[in-house]
Amino acid sequence: MSTILQQLQETKTYIQSRVSGQAAIGIILGSGLGNLASEIVSEFEIPYEQIPHFPVSTVEGHKGRLIFGTLEGVKVWVMSGRFHFYEGYTPQQVSYPVRVMRALGVETLLLSNAAGGVNSNFKVGDLMIINDHISLFTINPLLGKNEEALGTRFPDMSEPYAKSLIAKVKNIAAANDIKVHEGVYLGVTGPTFETRAEYKLILAVGGDAVGMSTVQETIVAVHGGMKVFAISVITDLGIREEDNIITHQEVLEAATAAEPKLTLLFKELVKQL
Ligand code: HPA
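These figures come from a predicted structure and were not determined experimentally.

**So, the pairing of strand β6 (residues 127-134)**
Reasoning step 1: Of all eight residues in β6, six are buried; the element is thus mostly enclosed.
Reasoning step 2: Alignment of β6 against strand β7 (residues 180-187), held across seven bridges, turns out to be parallel. Each bridged residue has a counterpart across the sheet, and for Ile 134 the counterpart in β7 is Leu 186.
Reasoning step 3: As judged from the three bridges shared by β6 and strand β9 (residues 227-237), these two strands associate in the antiparallel manner. Bridge assignment links Met 128 to a residue of β9, and that residue is Ser 232.

**Section: the packing of helix α4 (residues 163-175) against helix α7 (residues 248-272)**
Reasoning step 1: Relative orientation of the contacting elements α4 and α7 amounts to 125 degrees, with a least axis distance of 10 Å. Between α4 and α7, the interaxial angle falls into the category oblique. Of the two possible hands of crossing, α4 and α7 adopt the one that is right-handed. Contact residues: Leu 165, Lys 168, Val 169, Ile 172 and Ala 173 in α4; Leu 264, Leu 265, Glu 268, Leu 269 and Gln 272 in α7.
Reasoning step 2: Split by residue class, the contact of α4 with α7 holds seven nonpolar, one polar and two charged.

Cut-offs used in this document
Within every chain, residues take consecutive numbers counted from 1 along the sequence as written. pLDDT decides what is reported in this predicted model: residues at 70 or higher carry local features, side-chain atom pairs at 80 or more are listed and counted, and totals for whole chains, interfaces and linings draw on all residues regardless. With hydrogens and water set aside, each side-chain value is computed from the structure's full complement of heavy atoms. Each residue is assigned to one of three classes by its accessible area relative to the maximum for its type, calculated with a 1.4 Å probe on protein chains only: buried under 20%, partly exposed between the two thresholds, exposed over 50%. Only DSSP runs of H or I covering at least 4 residues are called helices, and only runs of E covering at least 2 are called strands; the numbering of each starts at the N terminus. Here, any two strands with at least 2 DSSP bridges between them count as paired. Axes here mean lines fitted to C-alpha atoms, for a helix over just the part in contact, with angles spanning 0 to 180 degrees between N-to-C directions. We call two directions roughly parallel when the angle between them is under 35 degrees, roughly antiparallel when it is over 145, roughly perpendicular when it lies between 65 and 115, and oblique otherwise. Here a crossing is taken to be left-handed if its near helix is turned anticlockwise relative to the far helix by less than a right angle, and right-handed if that turn runs clockwise. Contacts are residue-level and defined by heavy atoms, with any inter-residue pair within 4.5 Å sufficient. Gly is put with the polar residues, along with every residue not named as nonpolar or charged; the nonpolar set is Ala, Val, Leu, Ile, Met, Phe, Trp, Tyr, Cys and Pro, and the charged set is Asp, Glu, Lys and Arg.

Have a look at this one:
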């Protein structure tokens, strides 16, 4: 057995020795967006450091627990805290938990993140449903030998974010008076926020928002045959007239302030899956 298959087997065996139950939905929560976890009636929680082959999260605002429980009565796996390339993990490590969720039977993956807005219609605190991404500015997690048991060598990426899920969330948002944008998320490595010139470039190449996560997880999820829904909270504006200073604190605060809207969307969505 290849190393990755063996590792996945060990991780799965360990998790299943702690958690009995199945869930078809997986959720990964972004920076400052971990509060949804408190809405989950948790049955089991495993700190990442106890899970074989899991990297350990180091970023402020990330809790680092795998949760199994119910959200609105629906069984879910939730990763509270994710891994980022800028922390020094490889793209394969960043996306390993997605592989694990797949191995555990997850079919639909819901992702949230904090992102910088570059579309001039966006305001801090807005939500943007990701309808496509640009991953050319970060490293593809499928580089290297392909493991056919996990997915095909050349995965199609014409619809990384499932249109059916986008439609559902737009309906939910409309019914609850929540403003949502739709747009393209451009993935970068970070950890530096972008320069003024870089924000302009991102806008010029078709990005509406920019962030340091999500893209690698989505690629691996699509590779593994999962349906993905992802949404950004716009926590800062890359293109604006005044001072362009962005801090991680500001990002976390804006994410936390917008979180109730996001929680509502996720809760209603899981009920419809
Ligand atoms: N750029 C990149 N990543 C981010 C930003 C940003 O402006 N805001 C939150 N995550």
